[in-house]
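The residues making up each chain are set out below.
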Protein chains: 4
Amino acid sequence: MNSFGTLFRISVYGESHGPEVGVIIDGCPPGISLSPADFENDLNRRRGGVRKGTTPRTEADIPIFKSGVFKGKTSGAPICISFTNSNTRGEDYDRLKAIPRPGHADWVAQKKFAGFSDYRGGGHFSGRLTVCLVAAGVIAKKVLQSEYPAIHIDAGVTELGGMSDIDAGLQKAIDAKDSVGGIVTCTASGVPAGLGEPFFDSAESLISHIVFSIPAIRGIEFGTGFKAAGMFGAEHNDPIINPDGKTETNHSGGIVGGISNGNDVIFRVAVKPTSSTPKEQTSMNMETGEMETFSVKGRHDLSIALRVPVVVESVTAMVIADLLMQNERVRV
Amino acid sequence: MNSFGTLFRISVYGESHGPEVGVIIDGCPPGISLSPADFENDLNRRRGGVRKGTTPRTEADIPIFKSGVFKGKTSGAPICISFTNSNTRGEDYDRLKAIPRPGHADWVAQKKFAGFSDYRGGGHFSGRLTVCLVAAGVIAKKVLQSEYPAIHIDAGVTELGGMSDIDAGLQKAIDAKDSVGGIVTCTASGVPAGLGEPFFDSAESLISHIVFSIPAIRGIEFGTGFKAAGMFGAEHNDPIINPDGKTETNHSGGIVGGISNGNDVIFRVAVKPTSSTPKEQTSMNMETGEMETFSVKGRHDLSIALRVPVVVESVTAMVIADLLMQNERVRV
Amino acid sequence: MNSFGTLFRISVYGESHGPEVGVIIDGCPPGISLSPADFENDLNRRRGGVRKGTTPRTEADIPIFKSGVFKGKTSGAPICISFTNSNTRGEDYDRLKAIPRPGHADWVAQKKFAGFSDYRGGGHFSGRLTVCLVAAGVIAKKVLQSEYPAIHIDAGVTELGGMSDIDAGLQKAIDAKDSVGGIVTCTASGVPAGLGEPFFDSAESLISHIVFSIPAIRGIEFGTGFKAAGMFGAEHNDPIINPDGKTETNHSGGIVGGISNGNDVIFRVAVKPTSSTPKEQTSMNMETGEMETFSVKGRHDLSIALRVPVVVESVTAMVIADLLMQNERVRV
Amino acid sequence: MNSFGTLFRISVYGESHGPEVGVIIDGCPPGISLSPADFENDLNRRRGGVRKGTTPRTEADIPIFKSGVFKGKTSGAPICISFTNSNTRGEDYDRLKAIPRPGHADWVAQKKFAGFSDYRGGGHFSGRLTVCLVAAGVIAKKVLQSEYPAIHIDAGVTELGGMSDIDAGLQKAIDAKDSVGGIVTCTASGVPAGLGEPFFDSAESLISHIVFSIPAIRGIEFGTGFKAAGMFGAEHNDPIINPDGKTETNHSGGIVGGISNGNDVIFRVAVKPTSSTPKEQTSMNMETGEMETFSVKGRHDLSIALRVPVVVESVTAMVIADLLMQNERVRV
């Protein structure tokens, strides 16, 4: 399904090498000022080519408002924002059509869509689509800012290539002429207690649902996460120490019973190494049935993890905005 | 939201100490034979009291068919199944009303529901609700069995209290007079390639969404998971070695680009230590504002992880059944 | 799909001659007092056997709270309410199994569900299910009452057997030994302007969606309705005459552009004559392929229209409550 | 909500005088050939300026494929189609900002969206959006055509200005210098039995839901419709006369119990007279609080009913395609 959300809802479209990618944001309250400049910072953080280790393919990434913005403010109608795919080079991929790249969606896409999938650059499965998530996230953040200015969401790379020194992790990839994975940690502070809709829309459920929509994500853990599995109960439990629900420790990552408890919401996301690596690899040529050795040319990231934080921030902002809106119903 | 699923959809209701808990399963194909005996094995696996380390509270757990089953077969109408809460002891919890138990949803439930939440035994947030998931899973498994007999879903505890020897992990909890967490690993083999609905309903998105609805889950990872973050691309990529998409390795856990690739779907789930521990703990008395020391009496599990595998299996079966049904639309 | 609604959501289950029918109401705010007595009046209005022209099958129709109500108030968790089917006589229908009754869902139910449908008394397609809608409506009305006491919803039969004198219409049926249809008119006053969610969830869209879930409904029209098709624009337009949107006339039925405009919401619903008529009818015997003449024995209504008003009121209350909740998101 | 559908799902965006309007179609099977020429006929039928009585505002209405079409065929990914708003004249509406036009959404739009709504030409509430429905309908029809070639959907104006002679009805409007309403009748033949998803997604529920999204619709009736309310049961019931469910009469309009029964699906839709009439009208000036007399200049239809049939056909095709896809799940 190409839509996500209950009251703050987004729908995406587009392929890596089609004319454009875009997103409709439905349910955004009216009256929020919005200009292309609002998107600049987050789009830059996502964009490749601005930093060592990210792809030299640089789209201009200018958000084009197609609807929902009137006289510089959201109008209440669905907001459509598109991004032109100006810097595509379809020919890079033609040679690889027969040979599905390992780690990529090439093979499953053809399988799912009976051979009709747009294979250029991953088509609809491309990380290019995350520019839509960032755009929607900018709006979600503005919604939060206007009514819940205390909420701050911040994500960053905390591990790269298995190392907590990120530069060293990147150097490791450069030295190995290979790509590396990483860990992204996200913290949302100022989140009011009470967000999450049992039984199935726990805060973790919604966050993980949309986080796993981001290409290259392999795992997610909240609070102490996998380490919790090795702990004792008395050690893991977070004692409540004030009437606002503040806890002494925060092993739960700010979510208990699927509901935010007013403490920092913290989670970590595992990003796999970029599938497109300069290293030689093998895969089956589906036309000949022979194994072939090749290396992916194109323009790619040494570690996609470097571009993921702003995307994680964006989807987190959307989920929080949506849950806040749903929570309002109690006021009726 | 108390519902989950697109074509195979479930809705749950009930509280730990109310008269019953139950589930409606909507979208189950007609003509599948169904009797209480079909549920016995999975319900036993979930039930406490049958094994060292699980709670002595034992519900009879007899599934009562309220609708949707006619002459021993599913009729096509929504199937409602309930379980009577026969073995409740409300008084155990009355003393704890003022003192929200650390690690439990007690405090957030009152916060979310403005003080009106049923606090007895966790109310709607209780693990008791997972009996509904198991019941729905039994039906999902029968749906799979009738049309995709090659699919086998199997989950088990692979780590307890930080140890891969499960008995040793349990003994560790007994010795420490505390509860412990664990890791549950789930493998689904025989899953056809092509399941998952981009952009937002990736197979991982749907599985993680419902897995995080299960109380006490703190993390999930697919395939190599968090380890992938420390790997090189050429090392992590799974070379395709036959025309059916079989890969040499399976670091991706059978899901690429959010779509099943025909290899085993594998994921691991982190279960936190049971919040109710015999150990002494402290929490704030919300009536007096004083910190209090107490220990949870009641009847509880040394490790809830021991009861989680069948629940994880169940929700996985539901997601796979739903995705198979959605995939059928291509046949139109 | 057995669910309806976005924030105030209901799911139903059950068959006419199964053990019970029931409904889960999800999203009801906590703290609303609720007792079986609250349901009495509306359930009586729906129930047969209390008035000339309605079926002598009288269920006790005692609402049984299975969840979501704690200490006499809604707890915030899903509310499950069931009604026991105490007064069933399965044998009445056995003879008709082979001969699908004209006007009933007998034949389509078997077709849709591949012959496995519960055929007794219409099974899941029975009007019996409307008791669930009335129960959910009682709660919706209480939600409205607690926050929008100005809203009043009132539905009644305004035509029976083609006559505006209802008693005469009923006598017409009695004289003809046949069933008759009728018109139900519903007015909701005090509805705030601004309800409706474009583009697809217009107020008319949501009301008509759920109204057509009620068995036996053949048409719906808002305001002047079908008569509008024969009017001039200047005649049909409602001039706005005060700053609150009050209009001089109300041809639009209180909804313009899919959004409530603060005037009375008015719509009319066409109810077909009860399909079960004492009159002789013919239908094909599906086992023999022969046409057969028969008359439906059982216990049935001379005009189902008499029981429909409270059901229409109930579903209208649900839609308004849901739209009010959704509208709250603007406050975020 | 700006989305509709379960498996065949559409999302729309745009305003009358914004840069473009558009639609995303999600869930379309891959491999269906699609070119702009496929849209020509239906877009022409909808377009004004080609026939007496319709608005001289003529958009070129060239569908622009933004995604989901690859090498002339649907790729399986979401299909985004946009239409440029080339022929807008914003200044026509500036004078009317303060004076909400009777019958239009002007006032409710400002009310709902707190004064931030795009008021030019009705903004998001404009009939301009129906071009999106027609585009989605073209695709839905192609889906049906490829697998269910027996299905034919046909809608036409059967009454205009209260007259069954359409030309006479139009002349009536011209003579009166006013707009008129009309009746649109839609017939879908070849629809297989079994479509509709109880309890809430009856075929009538889904059709009416989306039909009432079309601006200017005031009523809908299936089969005999409102006339059924004045009939006897034995007269209204349709005797089944063959094993395929063929009925002697078709008072039910091909839908019984919310499920298609294999006979023609027939329904009628009431279209109100175009709100923009050349006639003088009065409305309140919201800035001065005075009533003002004015006549709408702009370019408008004498009867919007003339443009509605193809829109009704389109949304009917979508609903049928979606229900067919959902019905496939039984095959799992």
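Located above this text is the structure these notes cover.
Residues numbered from 1 in each chain as written. Chains lettered and ligands numbered in written order. Predicted model: local features only at pLDDT ≥ 70, side-chain atom pairs only at ≥ 80, totals over all residues.

1. What to know about the relation of the copies chain B and chain C
And then number 1: Its rotation angle being 180°, the transformation that places chain B on chain C also includes 0.0 Å of axial translation and leaves an RMSD of 0.0 Å. On the angle and the small slide along the axis, the relation comes out as a two-fold axis. The C-alpha atom lying nearest the rotation axis in chain B is that of B:S11; the distance is 3.8 Å.
And then number 2: The overlap is high: 100% of the interface residues of chain B also sit at the interface in chain C, so the same surface is used on both sides. (Least-squares fit on C-alpha atoms with pLDDT ≥ 70 in both. Contact = placed C-beta atoms within 7 Å.)

2. What to know about unusual backbone geometry
All names here are of chain A.
And then number 1: The peptide bond linking P198 to F199 adopts the cis configuration, its omega dihedral lying at 5°.
And then number 2: You can see F199 is positioned in the loop between strand 9 (182–189) and helix 6 (203–211).
And then number 3: Of note in the backbone geometry, K71 takes a positive phi value of approximately 50° without being a glycine.
And then number 4: Residue placement: K71 occurs in the loop between strand 5 (69–70) and strand 6 (73–74). (Helix = DSSP H or I, 4+ residues; strand = E, 2+ residues; numbered from the N terminus.)

3. Here we look at the interface of chain A and chain B
The extent of an interface is frequently quoted as the accessible surface area lost upon association of the parts.
And then number 1: The interface of chain A with chain B comprises 90 residues on the first partner and 90 residues on the second.
And then number 2: At the level of secondary structure, the elements contributing two or more residues to the side of chain A that touches chain B comprise strand 1 (3–4), helix 3 (106–112), strand 9, helix 6, strand 10 (217–222), helix 7 (233–236), strand 13 (265–271) and strand 14 (281–284) of chain A.
And then number 3: For the side of chain A that touches chain B, the class distribution of residues is 43 nonpolar, 35 polar and 12 charged. (Nonpolar A, V, L, I, M, F, W, Y, C, P; charged D, E, K, R; others polar.)

4. Concerning the sheet that holds strand 3 (residues 20–26) of chain D
Residue and element names in this part refer to chain D.
And then number 1: Spatially, five strands are ordered 1-2-3-7-4 in an open sheet, and the strand pairing comes out antiparallel. Strands at the two margins of the open sheet, each flanked by one partner only, are strand 1 (3–4) and strand 4 (64–67).
And then number 2: Here strand 3 runs beside strand 7 (residues 79–84); their pairing, made up of six bridges, is antiparallel. By the bridge assignment, G22 is partnered in strand 7 with S82. (Pairing = 2+ DSSP bridges.)

5. Some thoughts on the interface of chain B and chain C
And then number 1: In this complex, chain B contributes 34 residues to the contact, which on the side of chain C involves 34 residues.
And then number 2: Among the secondary structure elements, those contributing two or more residues to the side of chain B that touches chain C are strand 2 (9–14), strand 3 (20–26), strand 4 (64–67) and strand 6 (73–74) of chain B.
And then number 3: Residue contributions to the side of chain B that touches chain C peak at four residues, all from strand 3 of chain B.
And then number 4: Residue composition of the side of chain B that touches chain C, grouped by class: 12 nonpolar, 15 polar and seven charged.

6. So, the packing of helix 6 (residues 203–211) of chain C against helix 6 (residues 203–211) of chain D
Packed helix pairs are characterised by how far apart their axes lie and by the angle those axes make with each other.
And then number 1: Helix 6 of chain D packs onto helix 6 of chain C with a crossing angle of 170° between their chain directions and a minimal axis gap of 8 Å. Between helix 6 of chain C and helix 6 of chain D, the interaxial angle falls into the category roughly antiparallel. Contact with helix 6 of chain C, carried on its side by C:S205, C:S208 and C:H209, involves D:S205, D:S208 and D:H209 of helix 6 of chain D and no other residues of that element.
And then number 2: Along the lines of polarity and charge, the residues of the contact of helix 6 of chain C with helix 6 of chain D split into no nonpolar, six polar and no charged. (Axes fitted to C-alpha atoms, helices over the stretch in contact; angles between N-to-C directions. Parallel < 35°, antiparallel > 145°, perpendicular 65-115°, else oblique.)

7. Considerations on the pairing of strand 7 of chain D
As a general feature of sheets, a regular strand has side chains that alternate between the two faces.
All names here are of chain D.
And then number 1: Summarising burial for strand 7: five of the six residues are buried, a large majority.
And then number 2: One ladder, built from three bridges, connects strand 4 with strand 7; its direction is antiparallel. When the bridges of strand 7 are listed, S67 appears paired with C80. (Buried ≥ 20, exposed ≤ 12 C-beta atoms within 10 Å, placed from the backbone.)

8. Observations concerning helix 5 (residues 166–176) of chain B
All names here are of chain B.
And then number 1: All buried positions along helix 5 are accounted for by G169, L170, K172 and A173. For helix 5, the arc enclosing every buried residue in end-on projection is 150°, short of the 170-degree limit, so these residues lie on one face. Exposed residues pointing more than 90 degrees away from the buried face of helix 5 are listed as D167, A168, I174 and D175.
And then number 2: Backbone geometry just after helix 5 places K177 at a positive phi near 50°. (Arc of directions from axis to C-beta.)

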